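Summary of the model geometry
Spelled out from the first residue to the last, the chains are:
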Amino acid sequence: MTRRILLIEDEPKIARFIQLELESEGYEITVSHDGQAGLILAREHPLDLMIVDWMLPGLTGVEICRRLRATGNVMPVIMLTGRDDIPDRIAGLDAGADDYVIKPFSIEELLARIRARLRQKHPQESDWLEFEDLRVNQRTREVYRQQRPIDLTVKEFDLLTYLLSRPRQVFTREQILNQVWGYDFIGDSNIIEVYIRYLRLKLESTNQPRLIQTIRGVGYSLR
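Nothing here was measured: the structure is a model prediction, and the numbers come from that model.

Cross-referencing UniProt, the feature "modified residue: 4-aspartylphosphate" (unreviewed entry) maps to Asp53 in the present numbering. In this fold, Asp53 is placed in strand 3 (residues 49-53). In contact with Asp53, other than residues within four places in its own chain, are Ile8, Glu9, Asp10, Gly61, Leu80, Thr81 and Lys103.

Here's what the structure looks like:
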């Protein structure tokens, strides 16, 4: 599985260097040069890890971490900074950063920190995705709500596993359409609402609490 990393770095040369190195290691990289824009990307896209510079236009790296953690986002965050003072390190960690890399740094060190954080997030790959009383086996395509088996069509299963890949994250309709139906889909865009309704009927058939929530004006989230 390709790991998706968001890099927020306002120095174009540094950002490009890191991007090329990480892409050569097989990571999928999204780059932002602005703090506010980077925060929006972190909130709206499924990500495995974020690398953020301390000093940024718009919002600082510390503020980005603080705002993400306040909304329950727990993805690993590595902070890049030229600040090596203990109080600064404490401020970054208190804001929610998981690790700290001091500039200038070697790319080998950064890659090692990334691998370590991703191992902690994904200690071992599992066929099962779970959230609350919902369990989905990605290999056998079995779906259970508590102990009740649920039969899904291919597209219902794909939609559910996409939402289940990042519980509590809000996915826009465009993201869902692109990832589940494909970028070349030319059908009715209301297809998402139709399949969300199908899934809800099957998941809630025994009056169980709703898991797929509509986020008005944005999209959908499993929460």
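In spatial order, the strands read 10-12-11; together these 3 strands make up an open sheet with antiparallel pairing. Since the sheet does not close on itself, it has two edges, and those belong to strand 10 (171-172) and strand 11 (212-215), each with one partner. Where strand 11 lies against strand 12 (residues 219-222), 4 bridges are found, and the strand directions are antiparallel. Residue pairing in the sheet places Ile212 in a bridge with Leu222 of strand 12.

Two elements in contact, helix 6 (residues 154-164) and helix 7 (residues 173-181), have axes whose closest approach is 10 Å; the angle formed by their N-to-C orientations is 125°. By the angle between their directions, the pair helix 6 and helix 7 is classed as oblique. When you trace helix 6 past helix 7, the crossing you get is right-handed. Listed contacts from helix 7 to Lys155, Asp158, Leu159, Tyr162 and Leu163 of helix 6 are Gln175, Ile176, Gln179, Val180 and Trp181. Grouping the constituent residues of the contact of helix 6 with helix 7 by class yields 6 nonpolar, 2 polar and 2 charged.

Bringing the packing of aromatic side chains into the picture now. All chains considered together, the criterion is met by 5 aromatic pairs. With centroids separated by 6.5 Å and ring planes inclined at 70°, the aromatic side chains of Trp54 and Tyr100 adopt a geometry described as edge-to-face. Here Tyr100 lies in strand 5 (residues 99-102) and Trp54 lies in the loop between strand 3 and helix 3 (61-70), a separation of 46 residues in the sequence. Residues Tyr195 and Tyr198 carry aromatic rings whose centres are separated by 5.4 Å and whose planes lie at 70° to one another, so their mutual orientation is edge-to-face. Here Tyr195 and its partner Tyr198 are both found in helix 8 (residues 191-203), 3 residues apart, which amounts to about one turn of the helix. In this structure Tyr195 comes out as buried when scored by relative accessible area, which is 18%. A residue is classified by how much of its surface remains accessible, and Tyr198, at 35% relative accessible area, is partly exposed. Looking at Arg135, its charged tip hangs above the ring of Trp128, at a distance of 4.0 Å from the centre.

Turning next to the nonpolar core. Judged by nonpolar contacts, the single largest core of 26 residues is most densely connected at Leu134, Leu159, Leu163, Ile176, Trp181 and Ile212. For this core, the secondary-structure elements that each account for two or more residues are strand 6 (128-131), strand 7 (134-137), helix 6, helix 7, helix 8 and strand 12. Ranked by the residues each element gives to this core, the list is headed by helix 6, at 6 residues. Excluding anything up to four places from it in sequence, Ile176 contacts Leu159, Tyr162, Leu163, Phe171, Trp181, Ile192 and Tyr220. The next biggest cluster of nonpolar side chains, apart from the first, holds 20 residues, and it includes Trp54, Leu56, Cys65 and Leu68.

What follows covers the side chain of Asp53. Judged by relative accessible area, Asp53 falls into the buried class, the value being 5%. A polar contact is formed between the side chain of Asp53 and the side chain of Lys103, at a distance of 3.2 Å.

Along the chain, Asp88 turns up in helix 4 (residues 86-95). Separated by 66 residues in the primary sequence, Asp88 and Val154 have C-alpha atoms spaced 50 Å apart. Not counting chain neighbours up to four residues away, the residues in contact with Asp88 comprise Trp54, Arg83 and Tyr100.

The rules we used
Residues numbered from 1 in each chain as written. Predicted model: local features only at pLDDT ≥ 70, side-chain atom pairs only at ≥ 80, totals over all residues. Heavy atoms only, no water. UniProt positions renumbered as here; feature names shortened; annotations may be inferred. Helix = DSSP H or I, 4+ residues; strand = E, 2+ residues; numbered from the N terminus. Contact = heavy atoms within 4.5 Å. Pairing = 2+ DSSP bridges. Axes fitted to C-alpha atoms, helices over the stretch in contact; angles between N-to-C directions. Parallel < 35°, antiparallel > 145°, perpendicular 65-115°, else oblique. Left-handed = near helix turned anticlockwise from the far one by under 90°. Nonpolar A, V, L, I, M, F, W, Y, C, P; charged D, E, K, R; others polar. Phe/Tyr/Trp six-rings, centres within 6.5 Å; stacked < 30°, edge-to-face > 60°. Buried < 20%, exposed > 50% of the residue type's maximum accessible area, 1.4 Å probe, protein only. Lys NZ or Arg CZ within 6 Å of the ring centre and 35° of its normal. Core = buried A, V, L, I, M, F, W, Y, C linked by side-chain atoms within 4.5 Å. Polar contact = N/O pair within 3.5 Å; in protein donor to acceptor, adjacent residues only side chain to side chain.

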